[in-house]
Amino acid sequence: MAAILAVLSMLTKSTVCFVLSFVYSFFLLWRKRALFFACMCCYLFFSLWSKWVDAHNVTKLSGNETTFFVRFIAPIYIDGDRVKTTVQWQKERLQLVYRLRTEEEKRKWEEIQIGTACLLKGTLERPSLPTNPYAFNYRRYLFYERIHWIVRPNSLESCTRTNVTWIERLQIIRQQGIRYIQHHFPNDVSAFMQALIYGERSDIEPTVLASYQKLGLIHLLAISGLHMTLLVGGCFYLFIRFGISRERATVILLGCIPLYAVLAGAAPSVMRAAIMTSCFLLFSSRFRTIDTLSIACILLLGKDPYTVFHLGFQLSFLVCFALIICSSFIQSERSIVRQLFMTSFIAQISTLPLLLYHFYEVSLLSIPLNIIFVPLYSFIILPLCFVALLSHLFMPFVSSLIIYVLTVVLEHTNALVLSLSDMFVLTLGRPPLLLLVAYIVSVFLFFLSFESKKRAVMFRFSFLFVMIAHVIWPFFRPTGEVVMLDVGQGDSIYIELPYRKAVCLLYTSPSPRDAHESRMPSSA
């Protein structure tokens, strides 16, 4: 309960979250008076803590500086001719962006590691703002990373190595591991091995990644609780089989879990899984699963309150919370297939408002595909990735066979994902405030239906009525809309008449012959 208020306290600028905070506080006062004072203290602490962090998240640079002595604090990513990384000047972070001109420059940039300090000469610029409604806000994203400027270097001189922290040393090992996989495995296999072992998805083909996201399968390519449970459970079993006592095996795993969390990228979903697994190993008989989830939430927000705005944090904690409170209902199903179906269904419904708010669409194939893909990734692809890497390191004569099997499995899996990505996708758009509240209420009623047998069916499927209202909403809107769109090579004007009687898209370009008008029927 304290964790819920901690999250809401970070989001009090949002009207919906402020109302939810008030409603939840009233609920505590009505039903949980013994916890009311402690939860209110938690709410007040995180409210003040987030405001203090906001007040100190400011830049000391004017924008006119041209010379910096910077230290590289993040891995260098090279995408074609574009170099991107994060550097630190004094106590301020800067986003470094550079365009490569020659292959020799590329080799020099690849040699730079975390902990390198260089004299940099270049220019500063502010991160760009979105040019279209609902587009990605790059400036806000960097603000949450405590970055206020983009530096574009003209030269890099006097580079020297400095002492690195243990976390930076692990990040260097992570980059070395990623490069080892890149150099010794086929491209398609390499990309998925990086994602499932080190949490690095940058090498996966954009079309494949987008298809996984559309179908609601992207969580399989992120290191989460399921991955951590399988890894820790497998290691614990091997330790016991090799004669190591349970107590010593637990101590070894508690020491290894934080190390692997950093090696896996330390994303919010990874850190949640690491904290919950550690709590389970330490206090399995004292804490309930919901308590370990609350501890993980409070620790992550205490370290960095901006984590609450990370979409991975929101989806990871929301799905985990939903599955925990419905665990008894899921376990009551005798069939494994029905358990998988209910798990996928509950996860999909619990994240429905978030998915529509951020991605504007939902795939109707998400639930059946999760029933197939979760066991496939958990018990075949994930183990094969680790076995392929370990066999290549210690038994190279066996690795070729394992890599071949993994290649065949991934080829067929990705082919299926690509073929289904555009089928049965329901594009509804971002819901307006009133509908967003309705979606949240319908999700609440969905979970309430597991406790109350009266009107259980109506409560359980109330979200369908909200989705129908979302579909027909534009046809009952008495006002029209005119929106200017930036399409790169020119501008477009989107015109929608009241009650969506017609939709018109005007496209203008620098060349008059390229300008045209597109009309869509009212059902569009």
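Treat the numbers as computed from the prediction; the structure is a model and nothing was measured. (Residues numbered from 1 in each chain as written. Predicted model: local features only at pLDDT ≥ 70, side-chain atom pairs only at ≥ 80, totals over all residues. Heavy atoms only, no water.)

Visitor: Could you give me a rundown of the nonpolar core, with the residues and numbers involved?
Guide: Counting residues in each nonpolar core, the largest one holds 55 residues, and the members touching the most others are Met193, Tyr377, Ile381 and Leu406. Take this core: its biggest share by element is twelve residues, from helix H17 (residues 366-394). In this structure, Tyr377 is in contact with Phe192, Leu196, Tyr212, Leu220, Leu221, Leu382, Pro383, Leu410 and Thr413, ignoring residues within four places of it in sequence. One finds Cys326, Ile349, Phe446 and Val466 within the second-largest nonpolar core, a separate group that totals 21 residues. (Core = buried A, V, L, I, M, F, W, Y, C linked by side-chain atoms within 4.5 Å. Buried < 20%, exposed > 50% of the residue type's maximum accessible area, 1.4 Å probe, protein only. Helix = DSSP H or I, 4+ residues; strand = E, 2+ residues; numbered from the N terminus. Contact = heavy atoms within 4.5 Å.)

Visitor: Can you tell me about the confidence of the model for the protein chain, naming the residues and giving the values?
Guide: When pLDDT is averaged along the protein chain, the result is 86; 90% of the residues meet or exceed 70. No element of the protein chain has a lower mean pLDDT than strand S12 (residues 516-520), at 52, and none a higher one than strand S4 (residues 92-99), at 94. (pLDDT = per-residue confidence, 0-100.)

Visitor: So what about the environment of Cys385? Which residues, and what values?
Guide: With respect to the helices and strands, the residue Cys385 is situated in helix H17. Residues Cys385 and Ile403 lie 18 residues apart in sequence; the distance between their C-alpha atoms is 8.4 Å. Not counting residues within four places of it along the chain, the set of residues in contact with Cys385 comprises Phe192, Met193, Leu196, Ile197 and Leu406.

Visitor: Residue-level account of helix H11 (residues 268-283), with values.
Guide: The end-to-end C-alpha distance of H11 is 22 Å, a good match for the 22 Å that 16 residues give at a rise of 1.5 Å each. With twelve of its 16 residues buried, H11 lies for the most part within the structure. Here H11 has its buried residues at Pro268, Ser269, Val270, Arg272, Ala273, Ala274, Ile275, Met276, Thr277, Ser278, Cys279 and Leu281. Against helix H9 (225-241), helix H10 (246-263), helix H12 (289-303) and helix H13 (311-325) lie the buried residues of H11. (Expected span 1.5 Å × (residues − 1).)

Visitor: Which residues make up the state of the cysteines, and what are the values?
Guide: Going through the model one piece at a time under the given rule, you end up with one disulfide. Here Cys118 connects covalently by a disulfide to Cys159, the sulfurs 2.1 Å from one another. Across the S-S bond linking Cys118 and Cys159, the dihedral sits near 115 degrees, which makes this disulfide right-handed. Pair noted here: Cys118 is in strand S5 (residues 116-125) and Cys159 is in strand S6 (residues 147-161), with a separation of 41 residues, a long-range link. (Disulfide = S-S within 2.5 Å.)

Visitor: An account of the pattern of salt bridges is requested, with residue identities and associated values reported.
Guide: Counted under the stated rule, the structure contains 13 salt bridges. Where Arg152 meets Glu125, a salt bridge forms, and the shortest distance between an N and an O atom there is 3.1 Å. One end of the pair, Arg152, is in strand S6; the other, Glu125, is in strand S5, and 27 residues separate them in sequence. On the accessibility criterion, Arg152 (32% relative accessible area) is partly exposed. When salt bridges with common partners are traced through the structure, they connect Arg477, Glu481, Glu496 and Arg500 into a single cluster. (Salt bridge = Lys/Arg side-chain N within 4 Å of Asp/Glu carboxyl O.)

Visitor: Could you give an account of unusual backbone geometry, naming the residues involved and the relevant values?
Guide: One non-glycine residue, Tyr134, lies in positive phi territory at about 65 degrees. Positionally, Tyr134 belongs in the loop between S5 and helix H5 (138-144). A residue is classified by how much of its surface remains accessible, and Tyr134, at 55% relative accessible area, is exposed. In the Ramachandran plot, Arg500 falls in the positive-phi region, its phi being about 45 degrees despite a non-glycine side chain. Of note, Arg500 is situated in the loop between strand S10 (491-496) and strand S11 (503-508).

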